[in-house]
Amino acid sequence: MKEPVTYQNLFGETITVSNKKANPLLKLFGKGPEGERCKSCRHLYGKEYDKVYYKCELRGDTNGPGTDHRVNWPACGKFEAE
Ligand code: SF4
């Protein structure tokens, strides 16, 4: 089982998440628009190495898997269409 990851988001808040089951930003910002996914949000971006690792700008980035973001997670309340 993976350990929870602690990091600071763009607002300087310390966040601890398991990263496994659900979009962790739902706890912070609530649900986004019905039917929207992170892949349609302007805050999602990809880092390209041997493959593309997706990150959400609002989660921060540990340069590790703890902040990898699933493109098909349901959108949070900070969703902004691309
Ligand atoms: S909806 Fe946008 S801001 Fe919210 S978690 Fe997804 S990518 Fe991040």
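In this text the structure is predicted, and so the values were computed from the model without any measurement. (Residues numbered from 1 in each chain as written. Predicted model: local features only at pLDDT ≥ 70, side-chain atom pairs only at ≥ 80, totals over all residues.)

### Observations regarding the overall build of the protein chain
And step 1. Counting secondary structure elements, the protein chain contains one helix and four strands.
And step 2. Written out in order from the N terminus, the α and β elements of the protein chain read β-β-α-β-β.
And step 3. Once local pairs closer than 6 in sequence are excluded, the contacts in the protein chain between residues at least 24 apart make up 61%. (Helix = DSSP H or I, 4+ residues; strand = E, 2+ residues; numbered from the N terminus. Contact = placed C-beta atoms within 7 Å.)

### Focus: the site of the ligand
And step 1. Around the ligand, a shell composed of 13 residues is seen, among which Cys38, Cys41, Cys56, Ala75 and Cys76 lie nearest.
And step 2. Split into classes, the residues belonging to the shell around the ligand amount to nine nonpolar, three polar and one charged. (Near = placed C-beta within 6 Å. Nonpolar A, V, L, I, M, F, W, Y, C, P; charged D, E, K, R; others polar.)

### A word on the nonpolar core
And step 1. Counting residues in each nonpolar core, the largest one holds nine residues, listed as Leu25, Cys38, Cys41, Leu44, Cys56, Trp73, Ala75, Cys76 and Phe79.
And step 2. Beyond its immediate sequence surroundings of up to four residues, Ala75 is in contact with Gly32, Pro33, Glu36, Arg37, Cys38 and Cys41. (Core = buried A, V, L, I, M, F, W, Y, C linked by C-beta atoms within 7 Å. Buried ≥ 20, exposed ≤ 12 C-beta atoms within 10 Å, placed from the backbone.)

### Considerations on the pairing of strand E4 (residues 52-56)
And step 1. Bridge analysis of strand E3 (residues 44-48) against E4 gives five bridges, and the strand direction is antiparallel. Within E4, the residue paired with Glu48 across the bridge is Val52.
And step 2. Taking the residues between adjacent antiparallel strands as the criterion, E3 and E4 are bridged by three residues. (Pairing = 2+ DSSP bridges.)

### Regarding the environment of Arg59
And step 1. Along the polypeptide, Arg59 turns up in the segment after E4.
And step 2. On the neighbour-count criterion, Arg59 (25 C-beta atoms within 10 Å) is buried.
And step 3. Along the sequence, Arg59 and Tyr7 sit 52 residues apart, while their C-alpha atoms lie 8.3 Å from each other.
And step 4. Among all residues touching Arg59, those that are not within four sequence positions of it are Asn9, Pro24, Leu25, Thr67 and His69.

### Regarding the environment of Tyr53
And step 1. Tracing the backbone through its elements, the reader meets Tyr53 in strand E4.
And step 2. Distance from Tyr53 to His69, taken between C-alpha atoms, is 7.7 Å for residues 16 residues apart in sequence.
And step 3. In this structure, Tyr53 is in contact with Gly46, Lys47 and Asp68, ignoring residues within four places of it in sequence.

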